[in-house]
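Listed here are the chains, written in short residue letters.
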Amino acid sequence: MMADCDSSPDHTPSRDSDSSEVRAILWGRLGRRLESGSNETPAIAEQTEPTSGTTFPPSVKRPTRLSDEWNELRRLRGSPDGQDNVSIPSHRMESRRSIWKNFISLCTSLMCAFISFLPLRNIQSSLYTNYHLGTLSLAVIYGSFIIGCVMSSWIAQNARPKGLILVSVFSHVLFVAANMFPAFITLIPASCLFGFLQAPLWSVQELLIGSYGTSYSAVTGMRMERSIQQFQGVFVIFCHSAQIFGNLLESLVLGMDDTATNVMFHGNYSNYLREESASTNCTSPCKTPIAYPFNAFGYEIFPNTMLLDGRLHQVEILKIIFLAIGCVSVTLVGCCLRKPDIILNKRKMCLKEKVQESLSFFRTKTFLMLGLLMIFTGMQQGIVINDVTKVYGTDGLGLSMVGYFMMCYGTCQLATLLVLERFQKRVKPIVFVLKGFLISLGLLILLYVWEPADDCVYTVLGYMALWGAVDAVWQSQVQNILVANVTRKEPAIIGFRICQGFGLTVVFLASIWLSLLYKLCLVCGVLIMGVLGYMILEINNNPMTPLEPRPFNV
């Protein structure tokens, strides 16, 4: 996550890093000195690119060890003690700029892609209520995400990073385009492709961040762990900024005609898009409207769904804006993103071996203890996306308020992550888990019993802020606990994503058949059992030894 800031980083090259560059500099400078016959040595900062093709007289012996090269570098610079600072050559400065340029291009393009998806996901269940199309599309997204997680490691190993990111980002464009013409035949396949490609997208961005951090460490001499943490922290800020800016844009656009938007989602817009059926599932017979054909799923496609009373509605304007932002993301990846100088590759394995490696985490004791808690982290996100936004947003204060609610949710989530990064080494994870348990249980109970009035907007915003804060606690602490209790990190992280996707899918599918009360009881049960499993793991890792009895005093 976020790396601790150091006010005075030391950029002096270490012996363990950049040995090839030191060798090239030394060989090039020795060759120039011998050719010119001068004992003067120019400053390193004034050199041009080191030349590897320099020839030496037979009497000159090239350095063979890094320590010899380093001692020769000190002698040439006229500082035997080597205490003075080494100035950074111009080509290394260019490398630093290139690394940051490519990394910012990656972060910006993914932020634009997330902006086009996250706000639309938050109102998906409110937009398409007939036949539960919106809820089913969300279930398909995270169901296919589970399948993608199983194969993500193999896909990231065999595909080119830039090409894989480009295809994944383009799936955001297809998903937004399918929302402009909502039907089972358009939205379900687009959701399936979109969800499947999100898993390798996360895997390849982790690979690229590690590669950028390694390259930056080689250029600057910074510790590799700290360099990678620095890039990871910046990426986290960009990702959560997408939640904030995207939802703010959504509420601003929908708020331009708030009255028409609220009326639309009390049934008028749904009736306009399609004829009401006497049944509530997509397999039952539907009344066929005149002049508009149905597809094989019993759901009609209108050629003019974007028009309402002869003009574009704010919802469709919002979709067009998200479509344009998605196209900007594809353009940034295609034109600005370059692969890093160092690519961290692992031993290549076939698909069967990679799948077995990814699923090996589910045979460990850690999964048995933390599995339900990991599933709960996904289930509570599903409750917020599908139920909280609908109860207090669409059915309460209006659809245009959903964006403000989720903006507050994302802001508090990011702020809590930054704060937890500072205190996670000072406070034990069990403290955060127990506090998160109590807050989550209270929020779930409050969701069922609390009916806010029309004038308590700030109270609902505070309620959403608590959801964002507690979600950040669960995401960070469960992942830290998981990494601390496993020997192989990659299968554990993949297993964590699979559990989250499973929890989200269960909540969305349960929304079709279960009422809010039974669904909240299910989530609360998973939470209680998950915390009990974590307590057993904590006791197993830190057994309490009985104190020795005091000696008997006469």
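Sequence order as written defines residue numbering, which begins from 1 separately in each chain. Restriction of local features to residues with pLDDT of at least 70 applies here, the model being predicted, together with a cutoff of 80 or more for giving and counting side-chain atom pairs; totals for whole chains, interfaces and linings are based on all residues. Hydrogens and water are ignored here; the side-chain numbers use all heavy atoms of the structure.

- An unreviewed UniProt entry annotates the protein as Protein unc-93-like A originating from Mizuhopecten yessoensis.
- Of the protein, the UniProt comment under Subcellular location (unreviewed entry) reads exactly: "Membrane".
- Checking UniProt for the protein, the heading Sequence similarities (unreviewed entry) contains the comment "Belongs to the unc-93 family." UniProt positions are given in the numbering used here, feature names are shortened, and annotations may be inferred rather than shown by experiment.

### Quick notes on the packing of helix H6 (residues 161–180) against helix H7 (residues 184–220)
Link 1 in the chain: Contact geometry for H6 and H7: axes closest at 8 Å, N-to-C directions at 150 degrees. By the angle between their axes, H6 is roughly antiparallel relative to H7. Classified by chirality, the crossing of H7 by H6 is left-handed. Touching Pro161, Leu164, Ile165, Val167, Ser168, Ser171, His172, Leu174, Phe175, Ala178 and Asn179 of H6 are Thr186, Leu187, Ala190, Ser191, Leu193, Phe194, Leu197, Gln198, Pro200, Leu201, Val204 and Leu208, all from H7.
Link 2 in the chain: Split into classes, the residues belonging to the contact of H6 with H7 amount to 16 nonpolar, seven polar and no charged. Geometry is summarised by axes, namely lines fitted to C-alpha atoms with helices restricted to the contacting stretch, and by angles between N-to-C directions that run from 0 to 180 degrees. Segments assigned H or I by DSSP are reported as helices when at least four residues long, segments assigned E as strands when at least two residues long, and all are numbered from the N terminus. Orientation labels follow simple angle bins: below 35 degrees gives roughly parallel, above 145 gives roughly antiparallel, 65 to 115 gives roughly perpendicular, and whatever is left gives oblique. The handedness criterion is simple: a crossing whose near helix is rotated anticlockwise from the far helix by less than a right angle is left-handed, and one whose near helix is rotated clockwise is right-handed. In this analysis, two residues are considered to be in contact whenever any of their non-hydrogen atoms come within 4.5 Å of each other. Note on residue classes: Ala, Val, Leu, Ile, Met, Phe, Trp, Tyr, Cys and Pro are nonpolar, Asp, Glu, Lys and Arg are charged, and everything else, Gly too, is polar.

### Some details on the pattern of salt bridges
Side chains that differ in charge, positive against negative, can pair when their charged atoms come close.
Link 1 in the chain: The working definition used for a salt bridge is a side-chain nitrogen of Lys or Arg within 4 Å of a carboxyl oxygen of Asp or Glu. Considering all chains together, one arrives at six salt bridges under this definition.
Link 2 in the chain: Residue Glu357 pairs with Arg488 through a salt bridge whose shortest N-O separation is 2.6 Å. Here Arg488 lies in the loop between helix H15 (457–484) and helix H16 (489–513) and Glu357 lies in helix H11 (residues 351–359), a separation of 131 residues in the sequence.
Link 3 in the chain: The classification of residues rests on relative accessible area computed with a 1.4 Å probe and restricted to protein chains. Under 20% of the type maximum is buried, over 50% is exposed, and intermediate values are partly exposed. Residue classification places Glu357 among the buried positions, given a relative accessible area of 17%.
Link 4 in the chain: Judged by its relative accessible area of 43%, Arg488 falls in the partly exposed class.
Link 5 in the chain: Beyond isolated ion pairs, a larger network of salt bridges with shared partners links Lys354, Glu357 and Arg488.

### Brief notes about the environment of Ile244
Link 1 in the chain: Mapped onto the elements, Ile244 comes out in helix H8 (residues 224–254).
Link 2 in the chain: Among the residues examined, Ile244 registers a relative accessible area of 15% and is labelled buried.
Link 3 in the chain: Along the sequence, Ile244 and Met406 sit 162 residues apart, while their C-alpha atoms lie 7.4 Å from each other.
Link 4 in the chain: Excluding residues that lie within four positions of it along the chain, Ile244 makes contacts with Met407, Gly410, Thr411 and Leu414.

### Quick word on the nonpolar core
Link 1 in the chain: For this analysis, a nonpolar core means a set of buried residues of the types Ala, Val, Leu, Ile, Met, Phe, Trp, Tyr and Cys, connected via side-chain atoms within 4.5 Å. Counting residues in each nonpolar core, the largest one holds 108 residues, and the members touching the most others are Ile165, Met374, Ile383, Val388, Met464, Trp467 and Trp474.
Link 2 in the chain: The start and end points of each domain follow an automatic or database-based domain assignment. When residues are assigned to domains, this core turns out to be shared by domain 1 (95–258 + 313–341) and domain 2 (359–543), each giving three or more.
Link 3 in the chain: Beyond its immediate chain neighbours, meaning those up to four positions away, Trp467 contacts Gln380, Ile383, Val384, Val388, Tyr409, Leu443 and Leu444.

### Let's talk about the side chain of Ser191
Link 1 in the chain: Tracing the chain through its elements places Ser191 in helix H7.
Link 2 in the chain: Among all residues touching Ser191, those that are not within four sequence positions of it are Ser137, Val140, Ile141, Ser144 and Phe175.

### Some details on the packing of helix H12 (residues 365–397) against helix H14 (residues 429–449)
Link 1 in the chain: Here H12 crosses H14 at 30 degrees, and the two axes come no closer than 12 Å. Taken as axis vectors, H12 and H14 run roughly parallel relative to one another. Both H12 and H14 take part in a crossing whose hand is left-handed. Here Phe376, Gln380, Ile383, Val388 and Tyr392 of H12 lie close against H14, whose contacting residues are Ser440, Leu444, Leu446 and Leu447.

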